Amino acid sequence: MPKTQRKDEGARRAPKGHFVVYVGEEMRRFVIPLSYLKDPTFQKLLEKAAEEYRFSTERGIVLPCAESTFRRFLNLMDS
């Protein structure tokens, strides 16, 4: 299992060099490396989240995609 998927449970605070996003209907928590912020695909997903949610949720950054889609994205990023 890729490292980003192993970190989706546990402590509420992200470790140094990471941030938390919530994905899917069940608002699954993922801890993501800051380096992903440089990826154009991830940037587009963040833009979509800003349009849809305006980053105003109390939980943090919510990404507007299915968990299965996001897991496929993470697999591509980790490979």
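Here the structure is a predicted model, which is why all the values come from computation and not from measurement. (Residues numbered from 1 in each chain as written. Predicted model: local features only at pLDDT ≥ 70, side-chain atom pairs only at ≥ 80, totals over all residues. Heavy atoms only, no water.)

Throughout the structure, instances matching the rule amount to 6 aromatic pairs. Between Phe19 and Phe42, the ring centres sit 5.9 Å apart and the planes meet at 65 degrees, which makes this aromatic pair edge-to-face. One end of the pair, Phe19, is in strand β1 (residues 18–23); the other, Phe42, is in helix α2 (residues 40–53), and 23 residues separate them in sequence. Centre to centre, the rings of Phe30 and Phe70 are 5.1 Å apart; their planes meet at 70 degrees, and the pair counts as edge-to-face. On the criterion of sequence distance, the pair formed by Phe30 in strand β2 (residues 28–33) and Phe70 in helix α3 (residues 67–78) is long-range, its members being 40 residues apart. The pair formed by Phe30 and Phe70 is uniform in burial state, with each residue classed as buried. (Phe/Tyr/Trp six-rings, centres within 6.5 Å; stacked < 30°, edge-to-face > 60°. Helix = DSSP H or I, 4+ residues; strand = E, 2+ residues; numbered from the N terminus. Buried < 20%, exposed > 50% of the residue type's maximum accessible area, 1.4 Å probe, protein only.)

Note on placement: Asp39 falls in the loop between β2 and α2. Within the buried core, Asp39 has no salt-bridge partner, and the shortest N-O distance to an opposite charge, that of Lys44, equals 10 Å. Within polar-contact distance, the side chain of Asp39 engages the backbone nitrogen of Thr41 at 3.0 Å. A distance of 2.9 Å separates a polar atom in the side chain of Asp39 from the backbone nitrogen of Phe42. Dropping the residues within four chain positions of it, Asp39 is found in contact with Phe73 and Met77. (Lys, Arg positive; Asp, Glu negative; His and termini not counted. Salt bridge = Lys/Arg side-chain N within 4 Å of Asp/Glu carboxyl O. Polar contact = N/O pair within 3.5 Å; in protein donor to acceptor, adjacent residues only side chain to side chain. Contact = heavy atoms within 4.5 Å.)

This paragraph deals with the pattern of salt bridges. The tally for this structure, following the rule as stated, stands at 2 salt bridges. We note a salt bridge from Arg28 to Glu67, for which the minimum N-O separation is 3.8 Å. Highlighted residues: Arg28 in strand β2 and Glu67 in helix α3, separated in sequence by 39 residues. In this structure Arg28 comes out as partly exposed when scored by relative accessible area, which is 27%. Classification of Glu67 by relative accessible area gives partly exposed; the value is 23%.

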